[in-house]
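# Overview (structure and organization)
Listed here are the chains, written in short residue letters.
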Amino acid sequence: MRWLIPIFIYLLLEFYAYQAIKTLTRNQIVQIGYLVLSLAILGYAIYVFANYDRSVGPTKYSLRASAMLLLTIVPKLIIVLFMFGEDIIRVCVAGYTYLTNTFFDGTATEYLPDRRKFISKIAIGIAAIPFAGLLHGIFRGKYNFKVISHVLHFEDLPDAFDGFRITQISDIHSGSFDDVEKIEYAVDLINEQDADMLLFTGDIVNTMAKEMDDWITTFKRIKTPTYGKYSVLGNHDYGEYVTWDSEEEKEANFQAIKDIHNKIDFNLLLNDSTFVEKEGERIAVIGVENWGHNFKKAGDLTKASQKVSKEDFKILLSHDPSHWEYEVKKHDDHFHLTLSGHTHGFQFGIEIPGFVRWSPVQYVYKQWAGMYDEMGRYLNVNRGLGFHAFPGRVGIWPEITVIELRKGSKPS
């Protein structure tokens, strides 16, 4: 029963999309071929999701089914806008023709105008744009790694840390990876930044610790900077998106996920903090467990900050940016810089610096990608290194962030 509504919606979209194909060409081989392919994709998706095993979680088959559905549904939505819009006009014309002919000569026998071929051409032409974008996102975009740099100024930054460089990565989601060479390239790109400290802000796997087994050697190649590598957990690291046979099995997986961080030489901060010292001065690195407005709230900012005084310069690692919005930015202890991830920028959107910046995720998260500054406190939302659910990225590329701390006031 739960499949009936999605299937009905898909078939409704299919009906309109088929009208465009039928208007564009009378070739029955093309028409039938289109229907067979479209229904085959629907059948494959139904089969995969009907057999989805919640004790295993996402697999390459579920990712593939998601990709195929999006490749067909998104262009059809564009086509429907045009075809349905044309139908509204056709019905209006038919009504007008019926009324005028009834009142005057009554000679009209067909009131509804035929569909116009040029409307179908426009609809299919415009629908081809998101189709091509999704196709690029699946095969190229998900590994189109970008290094994004920021320079932040603080009046109270210790002098020794003027020019201190931090590399941030987030949302690895190792269970989604399918190209060793691309991930090796990402690791090389991280190492090339030659930062003073490396920080990872959670979601190392989709669900299972074993997802990382084939990638330990690769991620262990990430060099440990002079001032260390630190990390926190994300919502996916708690193993709560699958069904477990027992609580003990779930806890064993959680422990194995925490152990991964040590295996790749990261210092995992679980509601804890540490100090980084340089030339007799120090800054605090604080790491909370996941705290999300609509997700798991395991983070304890008070506990994590026990070793830290209000006067210390603080860098906070917190996976979900909603934590900053709801608890951190107005906190009396003044957390200078918070680093988050989680949103992936929805892996879909448009970003043209200085012109447009849009993603559907902005309607859920006030801070969804990039650097934010309020009340003299900064938040960086990393767009993520990996991908999840949809095996691609369109317009929102995988990110390696480099942040340089500078002593002094922010340039006007």
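Here's what I pulled together on the structure shown here.

Cut-off values and rules
- Residues numbered from 1 in each chain as written.
- Predicted model: local features only at pLDDT ≥ 70, side-chain atom pairs only at ≥ 80, totals over all residues.
- Heavy atoms only, no water.
- Phe/Tyr/Trp six-rings, centres within 6.5 Å; stacked < 30°, edge-to-face > 60°.
- Helix = DSSP H or I, 4+ residues; strand = E, 2+ residues; numbered from the N terminus.
- Buried < 20%, exposed > 50% of the residue type's maximum accessible area, 1.4 Å probe, protein only.
- Contact = heavy atoms within 4.5 Å.
- Polar contact = N/O pair within 3.5 Å; in protein donor to acceptor, adjacent residues only side chain to side chain.
- Pairing = 2+ DSSP bridges.
- Axes fitted to C-alpha atoms, helices over the stretch in contact; angles between N-to-C directions.
- Core = buried A, V, L, I, M, F, W, Y, C linked by side-chain atoms within 4.5 Å.
- Salt bridge = Lys/Arg side-chain N within 4 Å of Asp/Glu carboxyl O.
- Parallel < 35°, antiparallel > 145°, perpendicular 65-115°, else oblique.
- Left-handed = near helix turned anticlockwise from the far one by under 90°.
- Nonpolar A, V, L, I, M, F, W, Y, C, P; charged D, E, K, R; others polar.
- Expected span 1.5 Å × (residues − 1).
- Arc of directions from axis to C-beta.

Moving on, we get to the packing of aromatic side chains. Inspection of every chain in the model, using the stated rule, returns 14 aromatic pairs. Taking the centre distance of 5.3 Å and the plane angle of 75° together, the rings of Phe154 and Tyr378 count as edge-to-face. Within this pair, whereas Phe154 is found in strand E1 (residues 146-154), its partner Tyr378 is found in strand E13 (residues 377-381), the two being separated by 224 residues in sequence. When sorted by exposure, Phe154 lands in the same class as Tyr378, which is buried.

What follows concerns the environment of Arg115. By the element assignment, Arg115 lies in the loop between helix H3 (60-103) and helix H4 (117-139). A residue is classified by how much of its surface remains accessible, and Arg115, at 17% relative accessible area, is buried. Apart from the residues within four sequence positions on either side, Arg115 is in contact with Tyr16, Gln19, Thr23, Met83, Glu86, Asp87 and Arg90. Within the structure, the side chain of Arg115 is placed 3.5 Å from the side chain of Glu86, a separation counted as a polar contact. Among the polar contacts listed, one links the side chain of Arg115 to the side chain of Asp87, at a separation of 2.9 Å.

On the basis of which strands lie adjacent, the open sheet formed by 6 strands has the order E1-E14-E2-E3-E4-E5 and mixed pairing. Edge positions in the sheet fall to E1 and strand E5 (267-268), since each of these pairs with one other strand and no more. Pairing of strand E2 (residues 164-169) with strand E3 (residues 197-200) involves 4 bridges; the strand directions are parallel. Counterpart to Gln168 in the pairing with E3 is Leu199. Strands in contact with helix H5 (residues 180-192) are E1, E2, E3 and strand E14 (399-407); relative to E14, the strand with the most contacts, it is inclined by about 10°.

Across 9 bridges, E1 lies against E14 in parallel orientation. If you follow Val147 over to E14, its bridge partner there is Ile400.

In this structure, Glu86 sits in helix H3. Here Arg116 takes part through its backbone nitrogen, which lies 2.8 Å from a polar atom of the side chain of Glu86. Setting aside anything within four residues of it in sequence, one finds Glu86 in contact with Arg115, Arg116 and Ile119.

If you look at the biggest cluster of nonpolar residues, it comprises 27 residues, and the most contacted ones within it are Phe177, Ile204, Met212 and Phe219. Put simply, the parts of the chain that give this core at least two residues each are H5, E3, helix H6 (216-220) and helix H7 (247-263). At 5 residues, H5 tops the list of elements feeding residues into this core. In this structure, Phe219 is in contact with Ile172, Phe177, Ile183, Met212, Ile264 and Leu385, ignoring residues within four places of it in sequence. Leu152, Leu157, Phe161 and Leu337 belong to the second-largest nonpolar core, a separate cluster that totals 24 residues.

The next thing to look at is the pattern of salt bridges. Across all of its chains, the model carries 23 salt bridges by this definition. With a closest N to O distance of 3.0 Å, Lys142 and Asp178 form a salt bridge. Residue Lys142 is located in the loop between H4 and E1, and its partner Asp178 is located in the loop between E2 and H5; the two are separated by 36 residues in the primary sequence. One salt bridge connects Arg221 with Asp188, and the closest N-O pair in it is separated by 3.2 Å. Remark: Asp188 occurs in helix H5 and Arg221 occurs in the loop between H6 and strand E4 (229-231); sequence separation between them is 33 residues. On the basis of relative accessible area, Arg221 is assigned to the partly exposed category, the value being 35%. Here the residues in one salt-bridge network are Glu86, Asp87, Arg90, Arg115 and Arg116, joined through shared partners.

Moving on, we come to the packing of helix H1 (residues 4-24) against H4. For the pair H1 and H4, interaxial distance at closest approach is 9 Å and the crossing angle is 125°. Put simply, H1 runs oblique to H4. Along this stretch, H1 crosses H4, giving a crossing that reads as left-handed. Counted together, Gln19, Ala20, Ile21, Thr23 and Leu24 of H1 and Lys117, Ser120, Lys121 and Ile124 of H4 form the full contact between these two elements. A breakdown of the residues in the contact of H1 with H4 according to their chemical character gives 4 nonpolar, 3 polar and 2 charged.

Glancing now at helix H2 (residues 28-50). Residue pairs spaced three or four apart in an α-helix point in one direction, given the helix's 3.6 residues per turn. Its 23 residues place the ends of H2 32 Å apart at the C-alpha level, agreeing with the 33 Å of an ideal helix rising 1.5 Å per residue. Listing the buried residues of H2 in full gives Gln31, Ser38, Ile41, Leu42, Ala45 and Val48. Between a side-chain oxygen at the N-terminus of H2 and the backbone nitrogen of Ile29 the separation is 2.9 Å; the capping residue is Asn27.

Here we take up H7. For H7, which comprises 17 residues, the first-to-last C-alpha distance of 24 Å matches the rise-based estimate of 24 Å (1.5 Å per residue) to within 8%. If you check which residues of H7 are buried, you get Asn253, Phe254, Ile257, Lys258, Ile260 and His261. For H7, the arc enclosing every buried residue in end-on projection is 140°, short of the 170-degree limit, so these residues lie on one face. Turned more than 90 degrees away from the buried face of H7, the exposed residues are Glu248 and Asn262.

On their own, these measurements won't tell you what the molecule is for.
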